[in-house]
2 protein chains.
Amino acid sequence: MKKILTYGTFDCFHIGHLRLLERASALGDQLYVGVSTDEFNVSKGKESLCRFSDRLEIIQSLRYVYRAFPEREWSQKIDDVIKNGIDIFVMGDDWKGYFDADLKEHCDVVYLSRTEGISSSRIRKELSVT
Amino acid sequence: MKKILTYGTFDCFHIGHLRLLERASALGDQLYVGVSTDEFNVSKGKESLCRFSDRLEIIQSLRYVYRAFPEREWSQKIDDVIKNGIDIFVMGDDWKGYFDADLKEHCDVVYLSRTEGISSSRIRKELSVT
């Protein structure tokens, strides 16, 4: 039984999110997903269009996802890895190298390439000129 | 075994879509979902932001959905009902009464209320002023 863990905001849910979760889940048997709360996003200077409870519900409704839960702060990642017995921590490669120092002693750390040309920012931008 | 059928474009996938599919699936055991192709939408004067193959993939990835397939034209609904042995045809209540004459002799026809205040149009509108 291999357990995988990833995190994200997943605002304006799109095919890039889905592909990343599908590829993450294919690395093991159970995919855990931390979804950033609205408060956590505000603390990072980000505002999402869709509220946390809706974003969480969408992620939890995907076949590839075993369990979705709130991400409330940066520092919870190590605890999440240890308490859930995570084998592989996965993020998009825009985070490459960022989590190695903290997490590599507890699990494997993998960075996946993003789906080219797809992002929430691009979607927001396209819609803003529609 | 009760089979349910619904249709939609599901552009900019959001919580209103998810809730409708969840409630439709709760009426039976297997939910079939016809997803409008880009060509069909163009014939109705509609243009979606996300392309058909991506919209189909997102719908197919939901736990509530047994099978997603293309909706290419208005007239295929009766054939879809008959060939899949559908028990209940479900649409949002913005379509109330529209399908009764054609489909009621083949299956039950149910119209579900929409999630208040949520629609692709509203999301597009909100984003356009961001």
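Since this is a predicted model, take the numbers as computed values, not measurements.

What follows is about the overall build of chain A. Counting its regular elements, chain A contains six helices and five strands. In chain A, the succession of α and β elements from N to C terminus is β-α-β-α-α-β-α-β-α-β-α. Across the 130 residues that make up chain A, the buried fraction comes to 32%. A sequence separation of at least 24 residues applies to 68% of the contacts in chain A between residues at least 6 apart.

It is worth spelling out the pairing of strand 4 (residues 88-92) of chain B at this point. Looking at chain direction, strand 1 (residues 3-8) of chain B and strand 4 of chain B are connected through two bridges and run parallel. Counterpart to B:Ile4 in the pairing with strand 4 of chain B is B:Ile88.

Further remarks concern the sheet that holds strand 4 of chain B. Residue and element names in this part refer to chain B. Pairing in this open sheet of five strands is parallel, and the strands run 3-2-1-4-5 from one edge to the other. Two strands close off the open sheet at either side, each with one partner strand: strand 3 (67-71) and strand 5 (108-112). When strand polarity is set aside, the average angle formed by the axes of neighbouring strands in this sheet is 25°. As defined by bridge partners, strand 4 adjoins strand 5 across five bridges and the pair is classed as parallel. Across the sheet, the residue bridging to Val-90 is Val-110, located in strand 5. Across the face of the sheet, helix 1 (residues 15-25) comes into contact with strand 1, strand 2 (30-36), strand 4 and strand 5 while running at roughly 140° to strand 2.

Here the focus is the environment of A:Gln30. All names here are of chain A. With respect to the secondary-structure elements, Gln-30 resides in strand 2 (residues 30-36). Separated by 34 residues in the primary sequence, Gln-30 and Tyr-64 place their C-alpha atoms 8.1 Å from one another. For Gln-30, the contacting residues outside a window of four places in its chain are Lys-3, Ile-4 and Tyr-66.

Buried residues of helix 3 (residues 52-60) of chain A: A:Asp54, A:Arg55, A:Leu56, A:Ile58 and A:Ile59, and no others. For helix 3 of chain A, the elements touching its buried residues are strand 2 and strand 3 (67-71) of chain A together with helix 1 of chain B.

Moving on, we come to the sheet that holds strand 5 (residues 108-112) of chain A. Residues and elements named next belong to chain A. If you trace the five strands from one edge of the open sheet to the other, you get 3-2-1-4-5, paired in parallel fashion. Across the chains shown, the open sheet's two edge strands, defined by having one partner strand only, are strand 3 and strand 5. In this sheet, neighbouring strand axes are inclined to one another by 25° on average, regardless of whether the strands run parallel or antiparallel. Each of strand 1 (3-8), strand 2, strand 4 (88-92) and strand 5 is contacted by helix 1 (residues 15-25), which is oriented at about 140° to strand 2, the strand it contacts most.

As a further point, take the environment of B:Gln76. Within the element layout of this structure, B:Gln76 appears in helix 4 (residues 76-84). In sequence terms B:Gln76 and B:Gly34 are 42 residues apart; their C-alpha atoms lie 9.9 Å from each other.

What follows is about unusual backbone geometry. A positive phi angle, close to 45°, is found at A:Cys12, a residue other than glycine. Along the chain, A:Cys12 falls in the loop between strand 1 and helix 1. If you check the backbone angles, B:Phe10 has positive phi at about 55° while not being a glycine. Within the fold, B:Phe10 resides in the loop between strand 1 and helix 1. Exposure remark for B:Phe10: the 25 C-beta atoms within 10 Å place this residue in the buried category.

Before going further, it helps to examine the environment of B:Gly16. All names here are of chain B. Relative to the helices and strands, Gly-16 resides in helix 1. Residue classification places Gly-16 among the buried positions, given that 20 C-beta atoms sit within 10 Å. When the C-alpha atoms of Gly-16 and Arg-114 are compared, they prove to be 7.2 Å apart, with 98 residues separating the residues in sequence.

It is worth spelling out the confidence of the model for chain A at this point. Here chain A averages 91 in pLDDT, while 88% of its residues score no lower than 70. Interface confidence for the predicted complex, given as ipTM, is 0.86, next to a pTM of 0.88.

The rules we used
Residues numbered from 1 in each chain as written. Chains lettered and ligands numbered in written order. Predicted model: local features only at pLDDT ≥ 70, side-chain atom pairs only at ≥ 80, totals over all residues. Helix = DSSP H or I, 4+ residues; strand = E, 2+ residues; numbered from the N terminus. Buried ≥ 20, exposed ≤ 12 C-beta atoms within 10 Å, placed from the backbone. Contact = placed C-beta atoms within 7 Å. Pairing = 2+ DSSP bridges. Axes fitted to C-alpha atoms, helices over the stretch in contact; angles between N-to-C directions. pLDDT = per-residue confidence, 0-100.

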